[in-house]
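Coordinates in review
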Amino acid sequence: MKKIFIGVAWPYANGPIHLGHIAGCYLGADIFARFHRLKGDRVLMVSGSDQHGTPITVTADREGVKPSVIAERYHEINSRALVDLGIEFDLFTKTSTEGHKREVQDFFLKLLENGYIYEKETVQLYCPHCKKFLPDRYIQGICPHCGYEEARGDQCDNCGKILDPMELKNPVCQLCGTTPEPRTTKHMFFRLSALEEQLIKYVEERPYWRSSVKNFTYNWLKSGLRDRAVTRDIKWGIEVPVEGWEDKRLYVWFEAVMGYLSASVAYSEMKGDPKLWKEYWDEGMDAEHYYFLGKDNIPFHTILWPAMLMAHGGLKLPDNVVANQYLRYGGEQFSKSRGVSIEAGEVLKKFSPDQIRYYLAASMPENRDTDFTWEDFERKINTELVNALGNYVHRVLTFTYNNFGEIPARGNLSEEDEEALQVLKKTLDRVENNLEKASIKDTIADIIELARFGNNYMSRTAPWSLIKEDRGRCGTVLNVNIAIVKGLGVMLAPFLPSTSKKILTGIGERDLRWDEAMVVPGTGFKLKKTEPLFHKVRIEKESFPEFERLNLRSGDVISV
Ligand SMILES: [Zn+2]
Ligand SMILES: [Zn+2]
């Protein structure tokens, strides 16, 4: 039994999460967690709303409300959407809790004590019209790396590079459009440069990272590490626990990643076992640490967070950092602000969680950006989920129910039956192997392929002819088919939890573990009449208010 810690990127609580987020990190993490739970491993999976920082205050300014109103509103909406999609966190919390604040301030003081935090005078952009220093997202300008014109002060959405606002060309104040001017102020800095050698060694020791993650990280390391400010001139956020710093707050990049640790501590407290988190986090423990995130989050998890953990000492560093590319829509990156968005909550009103999970798993942008289209959604659901998987399971169970009423016994196996069970066994092994590597897309394709094979085996062995000639042989063939159905039920559990449950309870199984997938189905179990697992979806030219509001092409509109 292993101990698996899974940290999933913290969504900014400044808007509803959309399909890009789900495909980017939440679904993959959930599948990975469910797989390990199914294997009997101990899993701790945490995340939460990132409620501080400028993304929230920018939205609050725009709506004329307090930042906490925005932060709480989207924490509620997003928590619910994740639950409704069956994303099962051990704890999905938020950065505005007292517990998080306490952990962050303790962590900061430890870094200060260890000599990794220092104070420095710095030049920052100041808006003479708004009469204030402008933190990152309050500044927009041209990216010095790729020339993108709407780069933000903290990061370029186009090339993903992390920026310092001073690097932007033609910077303007987001609030009033004025060109800001550089002025002197003071901030606390994290001595990242001192950790360069340790970080290079750390990355070299993890050759199993996806190549996109490695490349991005090496490029950053190659360009040299500079110390980074950990405080900001902003009122919304966690106070700096040092006298004389009352008007500044800890910078959100620095504070939010600590949520992985503070959420683990909070989970321990919730379980009434305050030391539990140490079993996952103490350096000496044999826990494995996985992080799931979108590619724009790579440097925070492969460089900054490991560096902070090194500076702190005594805590586990990330093992695998599983970053996906983007799911795009109409050739563009999902973006609420640009009106390119399909909100998770809206899609859940039209489709079942398993339909959505299936599509996103089968299209997961693991190695390249992937385009979402409603045509593709319809095609994948109808040909793969309905025709291949649903049809096979329904065919087997309905025929067996009509002719035997129960799971028939398995007699002598023919060569063809042996081969079918071999195919099942090999698929199970491959799926297990791939899931260990958090490879989702190929794995679900493999499972669908097994359903296609099952359909084929069913047709070749033709139980509808056998029933008239040799009832015993017919029972054997059906028993082998039900063994495949059972294997499918187990393998689908991480991907399509409610479908898996339906399949397995239909054949008298519950709470199966991964290693029980090959056990011969329970002979004599009384079957019930089964309903089809899925229905086809089709695109119709009728209204779908949410998508219309976003000015999508008419005709791209959907109904069940
Ligand atoms: Zn201004
Ligand atoms: Zn750029």
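Residues numbered from 1 in each chain as written. Chains lettered and ligands numbered in written order. Predicted model: local features only at pLDDT ≥ 70, side-chain atom pairs only at ≥ 80, totals over all residues. Heavy atoms only, no water.

Section: the packing of aromatic side chains
Using the criterion set out here, one finds 28 aromatic pairs in the structure. On the numbers, 5.9 Å between centres and 65° between planes, the contact of Phe5 with Tyr291 is edge-to-face. Note that Phe5 is positioned in strand S1 (residues 3-8) and Tyr291 in strand S13 (residues 288-294), a separation of 286 residues in sequence. Phe5 sits in the buried class, given a relative accessible area of 0%. Residue class for Tyr291 comes out buried when judged on its relative accessible area of 0%. Between Tyr126 and Phe133, the aromatic rings sit 5.2 Å apart at their centres with planes inclined by 80°, giving edge-to-face as the arrangement. In this structure Tyr126 comes out as buried when scored by relative accessible area, which is 13%. Each member of the aromatic cluster is reached from another via a ring pair, and the members are Phe5, Trp10, Phe107, Tyr260, Trp281, Tyr291 and Trp305. (Phe/Tyr/Trp six-rings, centres within 6.5 Å; stacked < 30°, edge-to-face > 60°. Helix = DSSP H or I, 4+ residues; strand = E, 2+ residues; numbered from the N terminus. Buried < 20%, exposed > 50% of the residue type's maximum accessible area, 1.4 Å probe, protein only.)

A short note on the pattern of salt bridges
Within this structure, the stated rule accounts for 41 salt bridges. One salt bridge connects Arg328 with Asp369, and the closest N-O pair in it is separated by 3.9 Å. Pair noted here: Arg328 is in strand S15 (residues 327-329) and Asp369 is in the loop between helix H12 (353-362) and strand S17 (370-372), with a separation of 41 residues, a long-range link. Given the relative accessible area of 24%, Arg328 is considered partly exposed. A salt bridge links Asp429 to Lys425, with the nearest nitrogen and oxygen atoms 2.9 Å apart. Placement of both Asp429 and Lys425 in helix H14 (residues 415-436) is noted, with a separation of four residues, approximately one turn of the helix. Asp429 sits in the partly exposed class, given a relative accessible area of 35%. Owing to a relative accessible area of 33%, Lys425 belongs among the partly exposed residues under this scheme. Through salt bridges with shared partners, a single ionic network connects Asp30, Arg34, Arg37, Glu88, Asp90 and Arg357. (Salt bridge = Lys/Arg side-chain N within 4 Å of Asp/Glu carboxyl O.)

As for the coordination of the zinc ion (ligand 2)
Looking at the zinc ion (ligand 2), one finds its protein donor set to be Cys143 (SG), Cys146 (SG), Cys156 (SG) and Cys159 (SG), positioned 2.3 Å from the metal centre. Note that the zinc ion (ligand 2) binds four donor atoms; their angles at the metal cover 105 to 116°, and the shape is tetrahedral. Between the donor residues of the zinc ion (ligand 2), the gaps in sequence give the motif C-x2-C-x9-C-x2-C. Judged by relative accessible area, which is 35%, Cys146 ranks as partly exposed. (Donors = N, O, S within 2.8 Å, 3.2 Å for Na, K, Ca; no water. Tetrahedral: all angles 85-135°; square planar, octahedral: opposite > 155°, others 65-115°.)

Focus: the coordination of the zinc ion (ligand 1)
Coordination of the zinc ion (ligand 1) by the protein is provided by Cys127 (SG), Cys130 (SG), Cys173 (SG) and Cys176 (SG), with metal-donor distances spanning 2.3 Å. Each of the four donor atoms around the zinc ion (ligand 1) contributes to a set of angles spanning 103 to 114°, which defines the coordination as tetrahedral. Along the chain, the residues that donate to the zinc ion (ligand 1) are spaced as C-x2-C-x42-C-x2-C. Here Cys127, found in strand S4 (residues 117-127), pairs with Cys176, found in the loop between strand S8 (169-173) and strand S9 (181-190); they are 49 residues apart in sequence, far enough to count as distant. Its relative accessible area of 0% is what places Cys127 among the buried residues. Look at Cys176 and you get partly exposed, because its relative accessible area is 30%.

Let's talk about the nonpolar core
Residues Phe190, Trp281 and Trp305 are the most contacted members of the largest nonpolar core, which totals 164 residues. What Trp281 contacts, discounting residues up to four positions off in sequence, is Phe5, Tyr260, Leu261, Ser264, His289, Tyr291, Trp305, Leu309, Gly314, Leu315 and Lys316. Among the nonpolar cores identified, the runner-up in size contains 12 residues, and Val58, Leu125, Cys156 and Leu168 belong to it. (Core = buried A, V, L, I, M, F, W, Y, C linked by side-chain atoms within 4.5 Å. Contact = heavy atoms within 4.5 Å.)

A look at the environment of Glu419
Tracing the backbone shows Glu419 in helix H14. Using a relative accessible area of 41% as the deciding quantity, one classes Glu419 as partly exposed. Spatially, the C-alpha atoms of Glu419 and Tyr457 are 9.9 Å apart, while their sequence positions differ by 38 residues.

Things to note about helix H1 (residues 19-38)
In H1, a bend of some 40° at Tyr26 exceeds every other bend along the element. Gly40, located one to two residues past H1, shows a positive phi value of around 90°. (Bend = angle between axes of the 7 residues up to and from the residue.)

Concerning the layout of surface pockets
Any empty space left between the atoms is revealed when a probe the size of a water molecule rolls over them. In this model, the second largest pocket occupies a volume close to 810 Å³. Forming the boundary of the second largest pocket are 33 residues, of which Leu163, Asp164, Glu167, Arg226 and Arg228 lie nearest the centre. Counting residues per element, the ones that place at least two in the lining of the second largest pocket are S4, S9, helix H6 (211-222) and strand S10 (228-229). Broken down by element, the lining of the second largest pocket gets its largest block of residues, five residues, from S4. Split into classes, the residues belonging to the lining of the second largest pocket amount to 17 nonpolar, eight polar and eight charged. (1 Å grid on protein atoms, 1.4 Å probe; cavity = no way out; pocket = protein on both sides within 12 Å on 5 of 7 lines; lining within 4 Å. Points joined across faces, edges and corners; volume = space filled by probe spheres on them. Nonpolar A, V, L, I, M, F, W, Y, C, P; charged D, E, K, R; others polar.)

Some thoughts on the domain arrangement of the chain
On domain assignment, one finds that the chain holds domain 1 (3-106 + 253-348), domain 2 (113-250) and domain 3 (373-516). Contact with domain 1, which involves 44 residues of that partner, is made by 39 residues of domain 2. Note on domain 1 versus domain 2: buried area summed over both sides is about 3,600 Å², and carbon and sulfur give 65% of it. On the domain 1 side of the contact with domain 2, Thr54, Ile303 and Met310 bury the most area, a combined 16% of that side's loss. In this structure, Glu239 engages Lys101 in a salt bridge whose closest nitrogen and oxygen atoms are separated by 3.4 Å. For the pair domain 1 and domain 2, the number of links is 18 residue pairs in polar contact (both at pLDDT 80 or more). Looking at the side of domain 1 that touches domain 2, the elements that each hand over two or more residues are helix H2 (54-63), helix H3 (67-84), helix H4 (98-113), helix H7 (252-256), helix H10 (298-312) and strand S14 (320-324). The dominant element in the side of domain 1 that touches domain 2, judged by the number of residues it contributes, is H10, at 12 residues. Among the residues forming the side of domain 1 that touches domain 2, the class breakdown is 24 nonpolar, 15 polar and five charged. (Domains from an automatic or database assignment. Buried area = accessible area lost by both parts, 1.4 Å probe. Polar contact = N/O pair within 3.5 Å; in protein donor to acceptor, adjacent residues only side chain to side chain.)

As for the sheet that holds S13
Strand order in the open sheet formed by five strands is S3-S2-S1-S13-S14, and the pairing between neighbours is parallel. The sheet is open, and its two edges are formed by strand S3 (91-94) and S14, each paired on a single side. Here the strands of the sheet are splayed against their neighbours by 20° on average, with no regard to which way each runs. By the bridge criterion, five bridges tie S1 to strand S2 (residues 42-49) in an arrangement that is parallel. Across the sheet, residue Lys3 finds its bridge partner in S2, namely Arg42. Taken strand by strand, H10 contacts S13 and S14, and its axis lies near 145° from that of S13. (Pairing = 2+ DSSP bridges. Axes fitted to C-alpha atoms, helices over the stretch in contact; angles between N-to-C directions.)

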